[in-house]
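Residues per chain are reported as follows:
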There are 2 protein chains.
Amino acid sequence: MNETKTLRQYLRHRGLKVTQQREEIAQIFLGSKRHISAEQLHQQIREIYPKVGLSTVYRTLKLLVEAGLASQRRLGERITRFEPVAGDEHHDHFICINCGAIIEFENQDLEDLQEEVAKKHKFTILRHNLELYGYCQKCRRR
Amino acid sequence: MNETKTLRQYLRHRGLKVTQQREEIAQIFLGSKRHISAEQLHQQIREIYPKVGLSTVYRTLKLLVEAGLASQRRLGERITRFEPVAGDEHHDHFICINCGAIIEFENQDLEDLQEEVAKKHKFTILRHNLELYGYCQKCRRR
DNA sequence: CGAATTTTGATTTTGATTGTCAATATCAAT
DNA sequence: ATTGATATTGACAATCAAAATCAAAATTCG
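Asks: Help me understand the sheet that holds strand β1 (residues 36-37) of chain B, please; the structure alone is not making it clear to me.
Replies: Note on sheets: strands pair through backbone hydrogen bonds, and any given pair is parallel or antiparallel. Taken in spatial order, the three strands make up an open sheet running β1(B)-β3(A)-β2(B), and their pairing is antiparallel. For this open sheet the edge positions go to β1 and β2 (70-72) of chain B, each flanked by a neighbour on one side alone. Here strand β3 (residues 81-84) of chain A pairs with β2 of chain B via three bridges, running antiparallel. Within β2 of chain B, the residue paired with P84 of chain A across the bridge is A70 of chain B. Each of β3 of chain A together with β1 and β2 of chain B is contacted by helix α2 (residues 20-30) of chain B, which is oriented at about 80° to β3 of chain A, the strand it contacts most.

Asks: Any chance you could explain helix α5 (residues 108-120) of chain B here in plain terms?
Replies: For an α-helix, the turn length of 3.6 residues means that residues three or four places apart are oriented alike. Residue and element names in this part refer to chain B. Here α5 contains 13 residues, and its C-alpha end-to-end distance of 19 Å stays within 8% of the 18 Å for a straight helix at 1.5 Å per residue. Among all positions in α5, only L110, E111, L113, Q114, V117 and A118 are buried. Burial along α5 is one-sided: seen end-on, the buried residues are contained in an arc of 165°. Facing away from the buried side of α5, by more than 90 degrees, are the exposed residues Q108, K119 and K120. Immediately beyond the C-terminal end of α5, within one or two residues, lies K122, with a positive phi of roughly 55°.

Criteria and thresholds
- Residues numbered from 1 in each chain as written.
- Chains lettered and ligands numbered in written order.
- Predicted model: local features only at pLDDT ≥ 70, side-chain atom pairs only at ≥ 80, totals over all residues.
- Heavy atoms only, no water.
- Pairing = 2+ DSSP bridges.
- Helix = DSSP H or I, 4+ residues; strand = E, 2+ residues; numbered from the N terminus.
- Contact = heavy atoms within 4.5 Å.
- Axes fitted to C-alpha atoms, helices over the stretch in contact; angles between N-to-C directions.
- Expected span 1.5 Å × (residues − 1).
- Buried < 20%, exposed > 50% of the residue type's maximum accessible area, 1.4 Å probe, protein only.
- Arc of directions from axis to C-beta.

Here it is as structure tokens:
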């Protein structure tokens, strides 16, 4: 498996250690079905490697994300925010991962395109959430 | 303020009571800046109505969302899920609010359009998260 | 008003995630 | 292979937002 190598490379590159647990967790995770939570993964791992702790699963998942081998839904934000609904127009958000700024924008084409895709999949959209993470104008330079 | 009426209507319609706290919370919330958290709102409310409890703020925000007067970022999902990154292709998600199914899809036009909008706002996208909430094919009928 | 019902708010509980720390494992240099 | 410096582990505790609890208070409507 090539991804195991990627992980090892990443670890060495950062001066981190290639441990048995990290390899076990990566192995199970990479072969797992999609959208798995840390705890689900922990369950699965325990069936084969009963000694691996939940904390280590969390820590290793973080490493996998950093190594580009995992993607994480629910980025940043850990609390729920609310906003008054002014008119009827919906807006989406840029979120700067450097300074935390939230920039709103609207784009009807984007909304239309979403509806089109939904129709293709026979899905009825009631609401949506689009978050674009990156650097705002100010934080672009580094 | 018209929105206050909307809330009253909504409450009566559901056989709920129009209470002082609900009106106070709605008043402050509707006049507040965007992206406020339950706790931030609670602080603001306390400055004027010191007796309102945090629980009531949470409960009232829920009602405001149901009444269509507030929108809530970070819908559904309360846990973080991870998935292996197979290739380089990104995908987005439909999430059924009835059965919880997560349906993946890819659409390059959507990605391109996002990039275009970002360019307009001088924002550099590193990653994004698009969640379309609604009913899947099975749950459409009701 | 007064009874029936809902709501409130102080507090506790929940549940996911992160922090702590002594014991253990890894790795580079002997 | 052994050592020593350093990183990691796993059990457990701590955090933190959000939900649940429940007796006291407020609201509604006849």
